[in-house]
Amino acid sequence: MVKKNRSLFMMLLLTLLLMLTACGAGGEKNTTGDAGENTGDATGENSGLKDKKILVGTEATFAPFEYMDDKGNIIGIDVDILDAIFEELGMEYEIRHVGWDPVFQQVQNGELDMGASGITITDERKQTFDFTNPYFEATQVIVVTEDSEIESAEDLKGKKVSVQINSTGHQAAKKLLGETSPDILAYENLPLAIQEVINGTTAAAIGDNAVVYEYIKNNPNVKLKVIEDDAFDKEYYGFMVKKGNTELLNLLNEGLQKIKENGKLAEITGQEIE
Ligand code: ARG
């Protein structure tokens, strides 16, 4: 009897010891992970995201921010910034040309992790999405033919104006001409909107300054001029994630902060931003 009891006691003791060891090891592993210096080895919540390839959506007819080279690769300022951020983070990403409206739809429904498309941070968009800190300052400008008599935003009233659909240029046109004005013609992308000015379909187009200037630079034969007007607000570009995706948002802001501090961002954009 005594012998049996003793072996039972020993077994219990052994089990208890084993359990304690297991707990200890588990605890230790966690601590090591959390305190680990290599952020690439981050455990817990981050590990899934850090090991995953981040899917980025864009609309790649927006030089110099995103456009295609001869081979169909997406290149531009946004891509250079993403390269720098993801290198800092030790993470990978893939960028896809999905079109302007789909960027928003697919970030919202989770098909894409984020949008990088010269996207202006607006209060309206902030209701559905979260944005990184700003990486570029922009504004809208008017583009007209060289012989046009239009001189200001005010002069656009009563004229036909082309814009990229659901862009901040589109918003600006609505503000000037009225929310439902039939004089506003909205196109898939900005180059198409500018093309309509060249065709004579519209009297003017409204679009992001750097992109309009780049268009004129790349098409030296077209006779266009740019009108700047204080009526247009300052805008700031940010990278966009689904609302509540703070994990990715924090990583992006972390990487962005690093390339702001080491001067890489300014080198890419030619602009200083806080
Ligand atoms: N900045 C403007 C906006 O957010 C236009 C961006 C258009 N971007 C593009 N890749 N087509 O509405």
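Residues numbered from 1 in each chain as written. Predicted model: local features only at pLDDT ≥ 70, side-chain atom pairs only at ≥ 80, totals over all residues. Heavy atoms only, no water.

Caption draft 1: Fine view of the packing of aromatic side chains. Taken as a whole and judged by the stated rule, the model has 9 aromatic pairs. Look at Phe62 and Phe65: their rings are 6.2 Å apart centre to centre, the planes differ by 35 degrees, and that puts the pair in the tilted class. Given the relative accessible area of 1%, Phe65 is considered buried. Between Phe65 and Phe136, the aromatic rings sit 4.9 Å apart at their centres with planes inclined by 75 degrees, giving edge-to-face as the arrangement. (Phe/Tyr/Trp six-rings, centres within 6.5 Å; stacked < 30°, edge-to-face > 60°. Buried < 20%, exposed > 50% of the residue type's maximum accessible area, 1.4 Å probe, protein only.)

Caption draft 2: Fine view of unusual backbone geometry. The amide bond that connects Ala63 to the next residue, Pro64, takes the cis arrangement and shows omega of 10 degrees. With respect to the helices and strands, the residue Pro64 is situated in the loop between β1 (53-58) and β2 (67-68). In this structure, Asn166 takes a positive phi of about 55 degrees despite not being glycine. Here Asn166 is to be found in the loop between β8 (161-164) and α6 (168-177). (Helix = DSSP H or I, 4+ residues; strand = E, 2+ residues; numbered from the N terminus.)

Caption draft 3: Up close: the pattern of salt bridges. Following the criterion strictly, the structure yields 10 salt bridges and no others. In this structure, Arg96 engages Glu94 in a salt bridge whose closest nitrogen and oxygen atoms are separated by 3.1 Å. Residue class for Arg96 comes out partly exposed when judged on its relative accessible area of 37%. Residues Glu179 and Lys174 are paired through a salt bridge, measuring 3.9 Å at the closest nitrogen-oxygen approach. With a relative accessible area of 17%, Lys174 lands in the buried category. One connected set of salt bridges, linked through shared partners, spans Lys53, Glu94 and Arg96. (Salt bridge = Lys/Arg side-chain N within 4 Å of Asp/Glu carboxyl O.)

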